[in-house]
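Remarks on the overall topology
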Amino acid sequence: MDLPIVVTGATGFLGGALVRRLRAEGRSVIATGRDRRRGAALARETGARFEPADLAMPTETDRVIRGALAVVHSAALSSPWGDPRAFDRANVRATENVVQACERFHVARLVHVSTPAVYFDFRAREGIRESDPLPGTMVNDYARTKLEAERVVTRAHARGLATVILRPRALYGPGDTTILPRVVEALRRGQFPLLDGGRSLVDLTFIDDAVQALVCALSSDRAIGGTYHVTSGDPRPIGEVIAALADGLGLARPTRHVSADRALVVAGVLEALHRALLPSIEPRITRYTLGLLARTMTLDLTAARRDLGYAPRVALEEGLRRYLASLDVRPLPKGSA
Ligand SMILES: NC(=O)c1ccc[n+]([C@@H]2O[C@H](COP(=O)([O-])OP(=O)(O)OC[C@H]3O[C@@H](n4cnc5c(N)ncnc54)[C@H](OP(=O)(O)O)[C@@H]3O)[C@@H](O)[C@H]2O)c1
């Protein structure tokens, strides 16, 4: 029997999609996460072995990683809001434990999933390269702890572990529980604002492209020690994406124009109120989420194409078509929603 590939965060969106792909290729896979119900369902569907583990606990992490050929570390707490200690636990401590287990059990390769949130500072930026300087202060605890986790992985590479870090941008597709469902919900309520006319460019990643990049990272020797962007290579104005989504759902396209600067001020006030009075409750809108919609951020894929052999395949129209098909929605006649 082949040595298994361990996929962390397998009960989540990206990890689950990777498990499906690896199993479809006949690879031996250990899927791990904390949600036993989701894990059991994934195991039934794919034939992967599910091992529940809290990666913030070193003994549990060792148990799942012992004997692995390679590890893809996709688990994280990704949210614009939350207790800083929860981010440290899920993103930094868990990564330290994964790295230590990989070193202890001589795992041949660790592919670590990070995020381009580490670049975000509310300025519009196009064609960002992996070597571009990062802001002095991270935008929130998510970005702060994901950057710290990258540093944990980079230090392990310096000690001899074969590592590859990927920074995929804004994942969407069938199984998405985060980005598009929130947009769809806001469209249904007729509450999606067009920030600055919807002109900012968004650089989305269809889930199959992200999975393809992970598969490349597992096999490309040239990529070892590197950090790589992943997108579907098809940046579009956010207004165009939202219009396509609204059309596909048979909902009215948003028409309410809002100044991004003004919206950011309002979100800032809301955040301050929550921090003072309701710190455990996420505000309805955060400056970070608004900023992602209002500020252009596109990523250069030259290094991923060159070193990983990565080539994105799913353009926006096709990705949205597949996402909408997974929702099993039929467009309603315009104006009926
Ligand atoms: N989604 C995006 O648009 C996006 C964009 C850029 C980067 N990323 C990165 O891509 C990766 C995957 O994101 P995703 O959207 O698939 O996330 P997700 O759906 O929220 O899944 C997160 C996964 O992490 C697991 N997890 C969290 N804390 C854990 C812990 N202490 N021990 C074990 N497992 C733990 C969760 O397990 P349980 O649910 O079972 O507890 C779940 O399987 C993350 O590293 C994220 O930072 C995502």
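Residues numbered from 1 in each chain as written. Predicted model: local features only at pLDDT ≥ 70, side-chain atom pairs only at ≥ 80, totals over all residues.

Attention now moves to the overall build of the chain. Looking only at helices and strands, the chain has twelve helices and 15 strands in total. Taken over C-alpha atoms, the radius of gyration comes to 20 Å for the chain, in line with the 20 Å a tight globule of 337 residues would show. Principal axes of the C-alpha set define a box for the chain whose edges measure 55 × 40 × 40 Å. Counting only residues that meet the buried cut, the chain has 46% of its 337 residues in that class. In the chain, the share of contacts with a sequence separation of at least 24, taken over all contacts with a separation of at least 6, comes to 78%. (Helix = DSSP H or I, 4+ residues; strand = E, 2+ residues; numbered from the N terminus. Rg over C-alpha atoms; globule rule 2.2 N^0.38 Å. Buried ≥ 20, exposed ≤ 12 C-beta atoms within 10 Å, placed from the backbone. Contact = placed C-beta atoms within 7 Å.)

As a structural note, the neighbourhood of the ligand is formed by 28 residues, with G9, G12, G33, D35 and A76 the closest of them. Mapped onto the shell around the ligand, the elements with two or more residues apiece are α1 (13-24) and α4 (84-104). Looking at the shell around the ligand, the element that brings in the most residues is α1, giving three residues. (Near = placed C-beta within 6 Å.)

Turning next to the sheet that holds strand β2 (residues 29-33). Pairing between the strands of a sheet comes from backbone hydrogen bonds, and it takes one of two forms, parallel or antiparallel. Read from one edge of the open sheet, seven strands run β3-β2-β1-β4-β5-β7-β12, paired in parallel fashion. One side of each edge strand has no neighbouring strand; the edge strands of this open sheet are β3 (49-52) and β12 (227-230). The average angle at which neighbouring strand axes cross in this sheet is 20°, direction not considered. Against the sheet, helix α2 (residues 36-46) makes contact with β2 and β3, and its axis sits at roughly 165° relative to β3, the strand it touches most. This element, helix α5 (residues 141-159), spans β5 (109-113) and β7 (163-168) of the sheet and lies at about 155° to β7. (Pairing = 2+ DSSP bridges. Axes fitted to C-alpha atoms, helices over the stretch in contact; angles between N-to-C directions.)

A word on the pairing of strand β1 (residues 5-8). Covered by surrounding structure in β1 are I5 and V7 together with V6 and T8, the residues of both alternating faces. In this fold, the crossover linking β1 to β2 by way of α1 has right-handed handedness. Examined bridge by bridge, β1 and strand β4 (residues 70-73) share four bridges and lie parallel to one another. What sits directly across from V7, in β4, is V72. (Right-handed = clockwise from strand over helix to strand, strands pointing away.)

None of the figures reported here should be taken as evidence of function without further support.
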